[in-house]
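Reading the structure
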Protein chains: 2
Amino acid sequence: MPQDTVDLLVCATCRSASPANPLAMPDPDTRPGAQLVRALHDAAPEGVRIISVDCLSNCSRGCTIALRKSGAWTYVYGNLTPELHVTTILEGAQKYRDAENGLVPWRERPEHFRKNCIARIPPLEAPNV
Amino acid sequence: MPQDTVDLLVCATCRSASPANPLAMPDPDTRPGAQLVRALHDAAPEGVRIISVDCLSNCSRGCTIALRKSGAWTYVYGNLTPELHVTTILEGAQKYRDAENGLVPWRERPEHFRKNCIARIPPLEAPNV
């Protein structure tokens, strides 16, 4: 069971895909993305480093995270909210941390991850696997 | 003007976002993604390595490519077709190759790239920039 350190990148700028009031311009500190960063920081599992990022450029399907580690596929997930998905994200991050090449078997992925994968990038070491 | 080698990852499995016949199951070699791989291989600029990837997991907005290089942001772009976008992709790849950190100024990006960025991932070396 590999235990590489995982980067859990969290877009702090995300407003969420369907804000109640799309014209609202929330303060940067109260945006859903920033709330998600704080909630994940408070509960980060061993071997998972929470990193706040200014923009992961998935603005129409935020909130957004990405998981990466050395030698593994990088995954981007979207349509997340700080109210509903902190536990889901932590579960998915732990499974990713423990999976060889970051490849968690489909059925073992959290349902939200299965339905809201935005993109994935192959590892530098073996890009055409 | 940095000249790092760029990986231009191309999803060979993509069928395109809106196929004329969504029930059609084209042969793997005739899928739009595979056609895009071949077209880009034939025209790859200096310093840009075309890499065919089985799936970049952006299936609802294919065809899909990703650009990455050492020390730079990785970008994923979608809604591409082999008929319309080979020149656009090559132009965008060359600008990415020549840009520090992979950050091409907004106005200099091809219009399709501006409107169809799926996600971006920060460089390993400075993930919270």
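Refer to the structure printed above.
Please read all numbers here as calculations on a predicted model, not as lab measurements.

It is worth spelling out the sheet that holds strand 4 (residues 74-77) of chain B at this point. The strands that make up a sheet pair up through hydrogen bonds in the backbone, lying either parallel or antiparallel. Residue and element names in this part refer to chain B. Sheet architecture is open: five strands sit in the order 2-1-3-4-5, paired in mixed fashion. Every other strand in the sheet has two partners, leaving strand 2 (48-53) and strand 5 (117-121) as the edge strands with one partner each. Put simply, the sheet's adjacent strands are angled 20° from each other on average, direction ignored. Against the sheet, helix 1 (residues 32-41) makes contact with strand 1 (6-11), strand 2 and strand 3 (65-68), and its axis sits at roughly 150° relative to strand 1, the strand it touches most. Seen against the sheet, helix 2 (residues 86-98) touches strand 1, strand 2, strand 3 and strand 4 and runs at an angle of roughly 20° to strand 3.

A common measure of how large an interface is: the accessible area buried when the components associate. Opposite the 28 residues of chain A that make contact, chain B presents 28 residues. Buried surface at the junction of chain A and chain B, both sides included, amounts to about 2100 Å², of which 58% is carbon and sulfur. Run the count over chain A and chain B and you get zero salt bridges. Counting every contact that joins chain A to chain B gives eight residue pairs in polar contact (both at pLDDT 80 or more). Where the side of chain A that touches chain B is concerned, the elements lending two or more residues are strand 1 (6-11), strand 2 (48-53), strand 3 (65-68), strand 4 (74-77) and strand 5 (117-121) of chain A. Per-element tally for the side of chain A that touches chain B: the top contributor is strand 5 of chain A, with five residues. Class assignment for the residues of the side of chain A that touches chain B results in 17 nonpolar, six polar and five charged.

Once that is clear, we can look at the packing of helix 1 (residues 32-41) of chain A against helix 2 (residues 86-98) of chain A. Residue and element names in this part refer to chain A. Packing of helix 1 against helix 2 leaves a shortest axis separation of 10 Å and a crossing angle of 60°. Of the possible angle classes, the one that applies to helix 1 and helix 2 is oblique. Considering the relative orientation of helix 1 and helix 2, their crossing is right-handed. Note on element contacts: helix 2 touches helix 1 through Val86, Ile89 and Leu90, opposite Leu36, Ala39 and Leu40. When the residues that make up the contact of helix 1 with helix 2 are grouped by side-chain class, the tally is six nonpolar, no polar and no charged.

Structural alignment of chain A on chain B gives an RMSD of 0.0 Å, achieved by rotating through 180° and translating 0.0 Å along the axis. Taken together, the rotation and translation relating the two chain copies correspond to the operation of a two-fold axis. A high fraction, 100%, of the interface residues of chain A reappear at the interface in chain B, so the copies pair face to face through one surface.

All names here are of chain B. Inspection of the secondary structure puts Ala93 in helix 2. Judged by its relative accessible area of 0%, Ala93 is buried. In sequence terms Ala93 and Gly47 are 46 residues apart; their C-alpha atoms lie 9.6 Å from each other. Excluding its chain neighbours within four sequence positions, the residues that come into contact with Ala93 are Leu8, Val48 and Leu67.

What counts, and at which threshold
- Residues numbered from 1 in each chain as written.
- Chains lettered and ligands numbered in written order.
- Predicted model: local features only at pLDDT ≥ 70, side-chain atom pairs only at ≥ 80, totals over all residues.
- Heavy atoms only, no water.
- Pairing = 2+ DSSP bridges.
- Helix = DSSP H or I, 4+ residues; strand = E, 2+ residues; numbered from the N terminus.
- Axes fitted to C-alpha atoms, helices over the stretch in contact; angles between N-to-C directions.
- Contact = heavy atoms within 4.5 Å.
- Buried area = accessible area lost by both parts, 1.4 Å probe.
- Salt bridge = Lys/Arg side-chain N within 4 Å of Asp/Glu carboxyl O.
- Polar contact = N/O pair within 3.5 Å; in protein donor to acceptor, adjacent residues only side chain to side chain.
- Nonpolar A, V, L, I, M, F, W, Y, C, P; charged D, E, K, R; others polar.
- Parallel < 35°, antiparallel > 145°, perpendicular 65-115°, else oblique.
- Left-handed = near helix turned anticlockwise from the far one by under 90°.
- Least-squares fit on C-alpha atoms with pLDDT ≥ 70 in both.
- Buried < 20%, exposed > 50% of the residue type's maximum accessible area, 1.4 Å probe, protein only.

In short, shape yes, function no, at least from these values alone.
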